[in-house]
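Residues per chain, in single letters:
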Amino acid sequence: MAITWKSFALNEQITSSSPTSRQTIYTASNGIGEINSATVWNASTSASADVSVYIKSDTTTTGTLTPIDTVSVGLGSSASIAKAVSHRVPANGTVQVSMSTTTQDCYITISGDERQQ
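Residues numbered from 1 in each chain as written. Predicted model: local features only at pLDDT ≥ 70, side-chain atom pairs only at ≥ 80, totals over all residues. Heavy atoms only, no water.

Student: Please explain the sheet that holds strand 5 (residues 69-73) as it appears in this structure.
Tutor: Judged by pairing direction, the sheet is antiparallel, and its four strands sit side by side in the order 2-8-4-5 without closing on themselves. The outermost strands of the open sheet, each flanked by one partner alone, are strand 2 (23-27) and strand 5. If you compare each strand with its neighbour and ignore which way they point, the axes differ by 25 degrees on average. Pairing of strand 4 (residues 49-56) with strand 5 involves five bridges; the strand directions are antiparallel. Note on strand 5: the bridge partner recorded for Asp50 is Ser72. (Pairing = 2+ DSSP bridges. Helix = DSSP H or I, 4+ residues; strand = E, 2+ residues; numbered from the N terminus. Axes fitted to C-alpha atoms, helices over the stretch in contact; angles between N-to-C directions.)

See the structure below:
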């Protein structure tokens, strides 16, 4: 089994503000993905934002889904998404995100490894 370290999302801007219409930031197209670190940064100087992270076994971004974690990120600050660490993304599964409002300027970085099956 080959293990490849990689960045799942590198400072990717979060654009989805709906938990029922999420944004895909990573697809495990080369095998099972495992998250090693996850951080979100709120570049806004006007308000905080709540950011939710989801792991899904397919690429569908619509419908109700319970997040693995939701973190509140203060204005001009960053937060670790601790509950995402060690989660596995099934082969062809996705990591998806949403935030509480479209008026914020939030970015996410997730790194991990892919394990070919």
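Student: How do you make sense of the nonpolar core when you look at a structure like this?
Tutor: The tendency in soluble globular proteins is for nonpolar side chains to be buried as a group. In terms of nonpolar packing, the biggest core is built from 25 residues, with Val40 and Ile108 touching the most fellow members. Mapped by element, the contributors of at least two residues to this core are strand 1 (3-13), strand 2, strand 3 (32-42), strand 4, strand 5, strand 8 (94-99) and strand 9 (106-115). Per-element tally for this core: the top contributor is strand 4, with four residues. Val40 has contacts with Ile14, Val51, Val71, Val73, Ser77, Ser78, Ala79, Ile81, Cys106, Tyr107 and Ile108, leaving out every residue within four places of it along the chain. (Core = buried A, V, L, I, M, F, W, Y, C linked by side-chain atoms within 4.5 Å. Buried < 20%, exposed > 50% of the residue type's maximum accessible area, 1.4 Å probe, protein only. Contact = heavy atoms within 4.5 Å.)

Student: What is the right way to read the packing of aromatic side chains from this model?
Tutor: Aromatic ring pairs: the centre-centre distance and the angle between the two ring planes describe each pair. In this structure the tally under the stated criterion is two aromatic pairs. Judged by centre distance (3.8 Å) and plane angle (10 degrees), the ring pair of Phe8 and Tyr26 falls under stacked. With Phe8 in strand 1 and Tyr26 in strand 2, this pair connects stretches of sequence that are 18 residues apart. There is no split in this pair, since Phe8 and Tyr26 are both buried. (Phe/Tyr/Trp six-rings, centres within 6.5 Å; stacked < 30°, edge-to-face > 60°.)

Student: Could you clarify how one ought to interpret the side chain of Gln23 in this entry?
Tutor: Along the chain, Gln23 turns up in strand 2. Judged by its relative accessible area of 12%, Gln23 is buried. A distance of 2.6 Å separates the side chain of Gln23 from the backbone nitrogen of Thr15, its partner in a polar contact. Leave out the neighbours within four places in its chain, and Gln23 touches Glu12, Gln13, Ile14, Thr15, Ser16, Val95, Gln96 and Val97. (Polar contact = N/O pair within 3.5 Å; in protein donor to acceptor, adjacent residues only side chain to side chain.)

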